[in-house]
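Below, each chain spelled out in residue letters.
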Amino acid sequence: MRRAITLAGGGPAAGLHIGALEGLQEAGITFQVWALSCIGAWVGIVYNQWGSGNKAERTYNFFRDNVFRDDISYSRFPVNTVFGPDLRANIAAVIKFLYDPSNYNNLVLPTKIAEAFRESISFWSDPRRSSSEGDFNHWMLDQVLAVHPLSRFLTSLMYLSPLSGLSRIYYADSSFLKEIRFENLPRDVFIYHNAWNLSQKKLQLFSNQPDKYKNICKESLCACSALPYVEETVTIDNEVYCEGALIDTVNFSRLIEDHELDEIWVSRIVDVKQVKSPNNIKDALGNLCMLFAGSLGDDDVRLFKYHARDEKWKGVIYEIRVPTNINFDWTYENLEKGRALGRAAVTELLDFYYFLQHYLKNDIERAAECAKKLPDHDSLGLVAKAVTCYRTGRMDKAKEAVDLLCATDRAWRRYPRLELGKTIHTPATLDRLMEDLWGAGLQCATANVTVES
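Residues numbered from 1 in each chain as written. Predicted model: local features only at pLDDT ≥ 70, side-chain atom pairs only at ≥ 80, totals over all residues. Heavy atoms only, no water.

(A) Up close: the layout of surface pockets. Its boundaries defined by the atoms lining it, the largest pocket holds a volume of some 1,200 Å³. Lys305, Glu319, Arg321, Asp378 and Ser379 are the residues nearest the centre of the largest pocket, which is lined by 34 residues in total. Sorting the residues of the lining of the largest pocket by element identifies helix H13 (281-310), strand S9 (316-320), helix H14 (332-360), helix H16 (379-391) and helix H19 (416-420) as the ones contributing at least two each. Top element by residues in the lining of the largest pocket is H13. It accounts for 6 residues. Residues of the lining of the largest pocket, tallied by class, amount to 15 nonpolar, 6 polar and 13 charged. The volume enclosed by the second largest pocket comes to roughly 730 Å³. Around the second largest pocket, the lining comprises 39 residues; the ones closest to its centre are Asn80, Phe83, Val230, Cys289 and Trp330. (1 Å grid on protein atoms, 1.4 Å probe; cavity = no way out; pocket = protein on both sides within 12 Å on 5 of 7 lines; lining within 4 Å. Points joined across faces, edges and corners; volume = space filled by probe spheres on them. Helix = DSSP H or I, 4+ residues; strand = E, 2+ residues; numbered from the N terminus. Nonpolar A, V, L, I, M, F, W, Y, C, P; charged D, E, K, R; others polar.)

Here it is, written out as structure tokens:
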């Protein structure tokens, strides 16, 4: 059995990854391929650097001690411990800006100042405009700040000085990065992550086996999480990189093309339902990062399922459910909460995994025991209950599960084979499950629709 796991981006929700890995570790589920992006790359690489022992616990301790901040400190300093300002670069950028004569051009614009003066007289002479909050703010922006020489200078210093981000994480001599032992990554496990090559405008993959892609290193790991306007870009071999999760949040790139796989487990830790209305700049900045990651990650998973079908891949995709009651604070509390939720999500998924294993071995009684544990709000759980109840002769329960399944989503009423085919990509397994679903009472007008069509 060859398995791959994908750990997607999601920043402060990293605890979900750690909890999921903890549950999989305890179940003895191992992976030969790790496809990583953003915070998932940090978690996956830190997890795999430990040769023995409780790797999930050691990974949790690494992030707790090196990245997340205690709750009391965070309450009045809402920044993690590694996104530090690059003071030397900031000072150098200011000095370079101040000493460049061209930056003093067009600071004083007499014509624009005169126009702003005339517009100001007109504005304050009209009570309807001057009493409008929106019009007042526009006047302040366009007729005061935009033409004032000092304001123009400070604004250009802020936006046009040679800095590409607010913080920096890559320092070659960083003791934080030295704690990650890239040389300890196992050679019998294929680990890779992505980053976006700004110089060549393409997605670049980095792995611990450089005969396939470029070599994983400190620079590549920092580059894969260099979100624009949050972190500085990273230069590798004279080429500039930023976060690859902006393009491929779950990093399915080359997964089934380059690897022979029977199973793919997906840990996508950010969902758009987690994003709340912002109450302050901290929340708004979290939404800036997580809203794109949630929507793009959802699209990544959907498209990959169709891609796997079109490539006629034969296997099973296990998607770990994304909890919605998570926030984007870099706090101990959130890390621990995410860990517990990730572990619970894996426990639920393992019930379906064990159901399928027993079902395929015709051990229906044990398959039914696993199916009973699955929630009724989960479509795959209802499938498991329907087929096991049918095979054990409990037709009333089988029909009840089928009715709930058809009520969950219109797609399950019309195209059940296609919906099940997004998880089960092995034709023989899919045929067997569908045959038992028909026996359990499933009816639809498109019963003859196949995965291929």
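(B) Structural detail: the pairing of strand S7 (residues 239-243). S7 sits mainly inside the fold: 4 of its 5 residues count as buried. Looking at chain direction, strand S3 (residues 190-197) and S7 are connected through 3 bridges and run antiparallel. What sits directly across from Ala195, in S7, is Glu243. In textbook terms, the turn of a hairpin is the stretch between consecutive antiparallel strands, and for strand S6 (residues 234-236) and S7 this stretch comprises 2 residues, one of which, Asp237, has a positive phi near 55°. (Buried < 20%, exposed > 50% of the residue type's maximum accessible area, 1.4 Å probe, protein only. Pairing = 2+ DSSP bridges.)

(C) Focus on the packing of aromatic side chains. This structure, assessed with the given rule, holds 27 aromatic pairs. Between Phe190 and Tyr192, the ring centres sit 5.8 Å apart and the planes meet at 65°, which makes this aromatic pair edge-to-face. The two residues Phe190 and Tyr192 agree in class, both being buried. Seen from their ring centres, Phe206 and Tyr241 are 5.6 Å apart, and the 70° between their planes marks the pair as edge-to-face. Remark: Tyr241 occurs in strand S7 and Phe206 occurs in strand S4 (residues 202-207); sequence separation between them is 35 residues. Each member of the pair Phe206 and Tyr241 is classed as buried. Ring-pair connections join several aromatic residues into one group, and the members of that group are Phe31, Trp34, Tyr47, Trp265, Tyr318, Phe352, Tyr353, Tyr354, Phe355 and Tyr359. For the cation-ring pair, Arg64 lies above Tyr332, with the distance from its terminal atom to the ring centre recorded as 3.9 Å. Geometry around Tyr60 places Arg339 over its ring, the cationic atom sitting 4.2 Å from the centre. (Phe/Tyr/Trp six-rings, centres within 6.5 Å; stacked < 30°, edge-to-face > 60°. Lys NZ or Arg CZ within 6 Å of the ring centre and 35° of its normal.)

(D) Summary view of the pairing of strand S8 (residues 263-267). Of all 5 residues making up S8, 5 are buried, and the element is well covered by its neighbours. A two-sided burial pattern is seen for S8, the buried positions comprising Glu263, Trp265 and Ser267 on one face and Ile264 and Val266 on the other. Both strand S1 (residues 3-7) and S8 contribute to a ladder of 5 bridges, which runs parallel. The residue bridging Thr6 from the neighbouring strand is Val266, located in S8.

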